[in-house]
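Structural description and commentary
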Amino acid sequence: MRYFIYLCCSVFVLYGASAAANSSSGKKSSIDIVISKDAHQRIQFGANKLADALNKAGYNAKVQPRNSFSSRNNTIQIAEKNEAQAGPLLKQSKTTVSNLNHKEGFSITTTTNNKATIIGSDVTGALYGCLELVDQIKATGKLPENFTLNDHPEMVLRGTAIGLQKPTELPGRGMYEYPYTPEDFPWFYDKQLWIQYLDMLVENRYNSLYLWNGHPFSSLVKVKEYPYALEVSEETFKKNEEVFRFLTAEADKRGIWVIQMFYNIIIPKPFAEKHGLATQDRNRPIIPIIADYTQKSIAAFVEKYPNVGLLVTLGEAMEGRGQDDVDWFTKTIIPGVKDGLKALGTNIQPPIVLRAHDTDADIVMKESLPIYKNLYTMAKFNGEALTTYTPRGSWAQLHRDLSRIGTVHVQNVHILANLEPFRYGSADFIQKSVQAMHDVYESNAIHVYPQASYWDWPYAADKTKERLLQVERDEIWYKAWARYAWNSRRDRSKEITYWSDQLAGTFGATPKAAENILKAYEETGEIAPKLLRRYGITDGNRQTLTLGMTMTQLINPFRYNLFTMLYESEAPEGEMIIEYAEKEWNKQKHIGETPVIVAKEVLVHGRKAIEAIEAASGSVSKNKDEFERLKNDVYSYNELAAFFSAKVEAALSILRYKYSDDIADLERALPLLEKSVVHYRKLADLTKDTYLYANSLQTKHRKIPLRGVDATYKHWVEVLPVYEKELEHFRRSIDSLKNPSNRKGAVQVVKYRNVPVTVHNKRPEYFTIEKNAKVYSDTTLKIEEFASEIAGLKGLKLSKGDQIKNGTTIEFSSAQPVKVLVGFYNEKSPGLLTPPDLEHDVSANDFGQSEIKIANALLASSFAPVNIHSYSFPKGRNKLTLAKGACVIVGFVDANDQVRLYDAGIGVKGNKKDIDWLFE
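Since this is a predicted model, take the numbers as computed values, not measurements.

1. Brief notes about the overall build of the chain
Secondary structure assignment for the chain yields 27 helices and 25 strands. Radius of gyration (C-alpha) of the chain: 31 Å, near the 29 Å computed for a compact globule of 920 residues. In terms of its C-alpha atoms, the chain occupies a principal-axis envelope of roughly 125 × 65 × 45 Å. Considering the chain as a whole, with its 920 residues, one finds that 59% of them fall into the buried category. Once local pairs closer than 6 in sequence are excluded, the contacts in the chain between residues at least 24 apart make up 75%. Accessible surface computed for the chain: about 36,500 Å², of which carbon and sulfur atoms make up 50%. Averaging the locations of the 116 positively and 111 negatively charged side chains of the chain gives two centres separated by 1 Å.

2. A look at the packing of aromatic side chains
Scanning the entire structure with this criterion turns up 50 aromatic pairs. Centre to centre, the rings of Tyr128 and Trp486 are 5.6 Å apart; their planes meet at 75°, and the pair counts as edge-to-face. Residue Tyr128 is found in helix α4 (residues 123-140), and its partner Trp486 is found in helix α15 (residues 475-486); the two are separated by 358 residues along the sequence. With respect to burial, Tyr128 and Trp486 carry one shared label: buried. Clustering of aromatic rings is evident, with ring pairs tying together Tyr178, Tyr180, Phe185, Trp187, Phe188, Tyr189 and Trp194. Between Lys191 and the ring centre of Phe246, over which it is positioned, the NZ or CZ distance is 5.1 Å. In this arrangement the basic side chain of Arg483 is found over the ring face of Tyr498, its NZ or CZ atom lying 3.5 Å from the centre.

3. Quick notes on α15
Because an α-helix completes one turn every 3.6 residues, residues spaced three or four positions apart along the sequence face the same direction. For α15, with 12 residues, the first-to-last C-alpha span of 17 Å sits near the 16 Å given by 1.5 Å per residue. The buried count for α15 comes to 11 of 12 residues, which makes it a mostly enclosed element. Considered for burial, the residues of α15 that qualify are Ile476, Trp477, Tyr478, Lys479, Ala480, Trp481, Ala482, Arg483, Tyr484, Ala485 and Trp486.

4. Concerning the sheet that holds strand β5 (residues 115-120)
One open sheet holds the 6 strands; their spatial order is β2-β1-β3-β5-β4-β6, and the pairing between them is mixed. Among the strands making up the open sheet, the edge pair consists of β2 (60-66) and β6 (148-151). Recorded for the sheet is a direction-independent mean angle of 10° between the axes of neighbouring strands. Lying over the sheet, helix α2 (residues 41-56) contacts β1 (30-36), β2, β3 (75-80) and β5, oriented at roughly 175° with respect to β1. Along the sheet, α4 contacts β3, β4 (106-110), β5 and β6; its crossing angle with β4, the most-contacted strand, is approximately 40°.

5. Comments concerning the pattern of salt bridges
Note that side chains of opposite charge can pair when their charged atoms are close. This structure, assessed with the given rule, holds 54 salt bridges. In this structure, the salt-bridge partner of Lys304 is Glu241, at a minimum N-O distance of 2.4 Å. With a gap of 63 residues between them, Lys304 in helix α9 (residues 288-304) and Glu241 in helix α7 (residues 234-253) connect regions that are remote in the sequence. For Glu593, the salt bridge is made with Arg534, and the minimal N-O distance between the two is 3.0 Å. Taken as a pair, Glu593 in the loop between α21 (577-585) and α22 (595-617) and Arg534 in helix α18 (residues 527-535) lie far apart in primary sequence, 59 residues in all. For the residue pair Glu593 and Arg534, the accessibility class agrees, reading buried in each case. Overlapping salt bridges, with partners in common, bring together Arg423, Asp462, Arg473, Asp474, Glu626, Arg629 and Asp633 in one network.

6. What about the sheet that holds strand β23 (residues 876-882)?
The sheet built from 3 strands is open, its strands ordered β15-β19-β23 with antiparallel pairing. Pairing within the sheet leaves two strands with one partner each, and these edge strands are β15 (757-759) and β23. Here the average twist between neighbouring strands, direction ignored, is 30°. Relative to strand β19 (residues 808-814), β15 runs antiparallel, the two being bridged by 3 bridges.

7. What to know about the packing of α22 against helix α23 (residues 624-660)
Relative orientation of the contacting elements α22 and α23 amounts to 160°, with a least axis distance of 9 Å. Of the possible angle classes, the one that applies to α22 and α23 is roughly antiparallel. Crossing geometry of α22 relative to α23 is assigned as left-handed. Counted by class, the contact of α22 with α23 contains 17 nonpolar, 4 polar and 3 charged residues.

8. Section: the packing of α9 against helix α10 (residues 323-344)
Relative to each other, α9 and α10 sit at 40°, their axes nearing to 7 Å. For the element pair α9 and α10, the recorded crossing hand is right-handed. For the pair α9 and α10, the contacting residues are Ile290, Ala291, Thr294, Gln295, Ile298, Ala299, Val302 and Glu303 in the first and Trp328, Lys331, Thr332, Ile333, Pro335, Gly336, Val337, Asp339, Gly340, Leu341, Ala343 and Leu344 in the second. Considering only residue class, the contact of α9 with α10 consists of 12 nonpolar, 5 polar and 3 charged.

9. Remarks on the pairing of strand β8 (residues 208-212)
Summarising burial for β8: 5 of the 5 residues are buried, a large majority. Residues Ser208, Tyr210 and Trp212 point to one face of β8 and Leu209 and Leu211 to the other, with burial holding for every one of them. Note that the unit made of strand β7 (residues 157-163), helix α5 (residues 191-203) and β8 has a crossover that is right-handed.

10. A word on unusual backbone geometry
Here the bond from Asn264 into Ile265 is cis, since omega is -5°, no more than 30 degrees from zero. Across the junction of Glu420 and Pro421, the peptide omega takes the value 10°, indicating a cis bond. Tracing the chain through its elements places Pro421 in the loop between β13 (409-413) and α13 (427-439). One non-glycine residue with positive phi stands out, namely Arg205, at about 65°. By the secondary structure assignment, Arg205 is in the loop between α5 and β8. The backbone of Leu416 sits at a positive phi, close to 65°, despite the residue not being glycine. Mapped onto the secondary structure, Leu416 falls in the loop between β13 and α13.

11. Description of the side chain of Ser814
Looking at the secondary structure, you find Ser814 in strand β19. At 2.7 Å, the side chain of Ser814 forms a polar contact with the backbone oxygen of Gln816. Contacts of Ser814, omitting those with residues within four sequence positions, involve Pro756, Val757, Pro874, Lys875 and Gly876.

12. Let's talk about helix α16 (residues 492-507)
The terminal C-alpha atoms of α16, which comprises 16 residues, lie 22 Å apart, in line with the 22 Å expected from a rise of 1.5 Å per residue. The complete set of buried residues in α16 reads Glu495, Trp499, Ser500, Leu503, Ala504 and Phe507. Its buried side turned inward, α16 meets α13, α15, α17 (511-524) and α23. The first or second residue beyond α16 is Gly508, which carries a positive phi of 60°.

13. Here's the deal with the environment of Asp846
Tracing the sequence through the fold places Asp846 in the loop between β20 (818-825) and β21 (854-860). Classification of Asp846 as partly exposed rests on a relative accessible area of 41%. When near neighbours in sequence (up to four residues on either side) are disregarded, Asp846 contacts Lys700 and His701.

14. Focus: the confidence of the model for the chain
Averaged over all residues, the pLDDT of the chain equals 92, while 95% of them reach at least 70. Predicted confidence is poor over residues 1-27, with pLDDT under 50, and the contacts of this stretch with residues over four places away or in other chains come to 12 contacts.

15. A short note on the environment of His399
Considering the arrangement of structural elements, one finds His399 in helix α12 (residues 393-403). Sequence separation between His399 and Ala300 is 99 residues, and the spatial gap between their C-alpha atoms is 33 Å. Sequence-distant contacts of His399, defined by excluding residues within four places in its chain, comprise Ala379, Lys380, Phe381, His409, Gln411 and Tyr441. Here the side chain of His399 touches Trp395 through a polar contact of 3.1 Å, side chain to side chain. Within the structure, His399 has its side chain in polar contact with the side chain of Gln411 (distance 3.0 Å).

What counts as what
- Residues numbered from 1 in each chain as written.
- Predicted model: local features only at pLDDT ≥ 70, side-chain atom pairs only at ≥ 80, totals over all residues.
- Heavy atoms only, no water.
- Helix = DSSP H or I, 4+ residues; strand = E, 2+ residues; numbered from the N terminus.
- Rg over C-alpha atoms; globule rule 2.2 N^0.38 Å.
- Buried < 20%, exposed > 50% of the residue type's maximum accessible area, 1.4 Å probe, protein only.
- Contact = heavy atoms within 4.5 Å.
- Areas by Shrake-Rupley, 256 points an atom, 1.4 Å probe, with all protein chains shown as cover.
- Lys, Arg positive; Asp, Glu negative; His and termini not counted.
- Charge placed at Lys NZ, Arg CZ, Asp CG, Glu CD.
- Phe/Tyr/Trp six-rings, centres within 6.5 Å; stacked < 30°, edge-to-face > 60°.
- Lys NZ or Arg CZ within 6 Å of the ring centre and 35° of its normal.
- Expected span 1.5 Å × (residues − 1).
- Pairing = 2+ DSSP bridges.
- Axes fitted to C-alpha atoms, helices over the stretch in contact; angles between N-to-C directions.
- Salt bridge = Lys/Arg side-chain N within 4 Å of Asp/Glu carboxyl O.
- Parallel < 35°, antiparallel > 145°, perpendicular 65-115°, else oblique.
- Left-handed = near helix turned anticlockwise from the far one by under 90°.
- Nonpolar A, V, L, I, M, F, W, Y, C, P; charged D, E, K, R; others polar.
- Right-handed = clockwise from strand over helix to strand, strands pointing away.
- Polar contact = N/O pair within 3.5 Å; in protein donor to acceptor, adjacent residues only side chain to side chain.
- pLDDT = per-residue confidence, 0-100.

Okay, structure coming up:
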């Protein structure tokens with residue numbers, strides 16, 4: 001009997017000790033996750049994620065839908081503050097309602113005995129509370145005790161973009177015209193890929209997903225009045241319906257608002273063909289049948305997908321900035337949305353985001369807010385690049401003006417043409433950029449493009465046996481923007497620890513090695529932004545920075561349609577190369593960030609990045625292949641920095657020759673240019689077997705450093721011979737200058753040749769390019785000076801007043817292919833026609849017109865000098881249509897004429913010596 005009592009006591013003690021141990025460790029305890037029976041699907045989703053995390057940590061967790069809550073042990077209770085059960089939970093957790101006044105906010109309270117309460121300010125907040133607790137469990141391996149957190153996001157919209165676009169244009173179609181089909185977008189129909197991406201979004205607390213496409217409606221809805229407008233087969237249409245419904249439903253579970261983007265005015269190809277219209281025509285007025293079709297398409301889309309928002313780009317595919325923009329938005333788009341709501345029998349307005357690209361968004365919003373309230377605005381942060389976290393100037397003022405309208409203004413981190421294709425993970429640069437969005441732009445929302453390969457989604461540019469997915473390769477990119485969109489004021493020293501821990505987990509590295517990987521990311525993260533903002537031609541994706549730049553682009557940037565806002569707004573105060581050279585010659589004081597400073601700094605960044613990545617190499621135990629790819633990117637960035645640094649030094653010496661006329665300046669530049677080619681050769685070697693391309697946009701719209709027609713000049717290996725040829729030409733030019741007998745023949749003048757054409761305009765008048773010739777029929781404007789290459793051309797004398805009022809239309813016939821030379825005044829002024837501009841108009845090179853053929857080629861009276869562009873046409877009958885504004889029709893010339901591209905310097909003050917010939 002005594003033995004029996006002893007045995008029972010022993011068993012009791014052992015059981016009690018074991019139970020206490022289980023209670024203390026939290027392992028294997030059963031936990032009820034309690035939600036209301038009618039809980040929103042977002043709360044259900046969060047509760048299930050929490051259960052999964054607890055079960056992986058060794059607990060036995062189950063979601064229990066109930067109509068009442070309790071304070072029992074081993075219970076996690078979840079609600080949003082407006083639920084009937086929320087009141088007792090607030091008291092029980094001692095959470096004040098003031099902590100839950102922010103959209104998507106939450107409060108978490110845990111005590112001992114596996115008790116926890118999660119209360120959201122709304123259903124998304126409750127979801128985020130669940131996910132925060134999931135993160136805590138993953139970090140510590142257990143449910144935390146006596147843990148309290150009240151949190152909410154700073155930015156109200158935090159989104160990413162996916163383009164249903166392609167690197168090249170589809171046959172017979174224009175830019176942005178990509179119907180949703182399995183042939184062109186097989187990934188669109190991959191539901192597992194969508195789940196992977198949506199899970200990434202919600203894990204990073206993104207709450208919006210933007211789908212970009214020129215005209216999605218003809219792939220997603222049918223318009224009964226226009227059945228022929230459908231661009232896909234019936235089978236594909238049903239697949240599109242299924243996928244879009246699946247996507248929007250899964251996104252909604254995760255608190256993600258799907259937003260469909262479209263351009264204006266683009267129409268479906270079958271619709272265009274039936275009515276004898278172009279799918280895109282920037283210069284046409286608003287046509288009733290196009291407006292009716294568009295309005296009905298939007299109405300059908302809203303009726304079918306009422307919870308999907310719309311992102312509207314008024315500019316680019318229709319003539320930007322003017323009453324047409326206002327009318328199209330207020331008389332077509334908004335009425336279309338309202339018609340869809342009427343058909344649904346609801347007044348709940350889906351959001352419409354107005355993109356401020358090539359449109360006067362503030363004027364459009366002023367006219368629109370009285371008739372539609374749920375409006376947002378959006379504008380690019382640093383153009384189509386990432387250049388600075390100190391934005392300023394007119395672009396900063398535009399953002400502030402839009403932010404002050406009273407609606408939410410969204411920052412679009414767009415394209416990133418200067419970063420692709422290399423990896424980017426500078427958390428410091430990204431954090432400061434988000435702070436600038438708040439402090440400089442006064443904005444409170446963000447929309448992030450893929451870090452690279454936007455046009456080739458879902459794949460990265462890496463040359464691997466199996467293509468890498470962007471969502472996996474660029475994990476740090478998405479995570480960093482999301483982290484600082486939630487809270488941009490995090491302590492920097494703690495952030496270094498946070499990101500080092502993240503990288504340690506990714507690569508199985510020691511803390512010190514992980515910190516070195518972060519350092520490599522952050523050092524390389526300064527290189528591309530500094531290079532573009534100090535040497536670049538444009539912030540747009542017509543320039544691929546990582547492919548380098550030609551010497552003429554560095555020493556004569558205005559010849560290449562320099563986008564000056566890059567320097568005036570998207571860079572710290574400083575100097576361009578040509579400004580620095582002029583000041584240096586005149587012994588003037590330099591201001592701010594100079595080309596020389598950046599040339600030195602990027603070398604230091606490259607060297608430090610290599611030192612850091614090498615220091616980490618021996619301590620990597622996971623994902624070694626990816627680490628080697630990252631390491632190769634670091635070395636590639638170093639060679640890119642060295643290439644630019646040497647070439648810029650050479651450029652400054654060459655520009656000095658423009659003033660000094662001393663061949664010694666050119667001789668000093670030669671070894672520097674040779675050095676730049678050596679570094680570029682190394683860059684080509686580093687990327688030869690590691691990348692498929694540098695730029696994912698592989699069309700004629702890409703111009704710098706070289707034209708990208710038919711996916712050419714997309715890789716360093718293709719561009720290297722161009723720089724080698726440039727170097728050899730420079731050597732020969734120096735030799736010719738040293739030999740006096742060759743100096744006069746350094747530049748050979750080749751003139752344009754007149755071609756006979758028949759102009760079908762009513763009573764056409766002509767003029768000849770010669771001194772004192774009148775260029776307009778209704779003004780006394782006379783030619784004062786002109787480039788020799790255009791002398792004697794037969795121009796078309798039009799009415800300047802009619803050009804300003806109605807635009808310019810010329811119908812003509814020719815027996816051979818021709819180019820129409822059009823002169824654009826080299827200043828921005830009311831009444832003057834804006835030159836072809838790929839920054840705002842994707843059709844600006846449809847006729848090969850975006851490139852300046854001769855800069856400053858003609859001067860007429862007191863007007864600004866004229867730049868010559870050319871529009872190419874085949875033989876036969878053709879029509880040239882230009883927007884409203886004055887220009888000069890210089891002549892019709894042989895399409896095969898290859899006149900040297902250069903700056904004639906006509907009407908330009910200061911030193912206008914032509915030195916481009918040294919390289920071409």
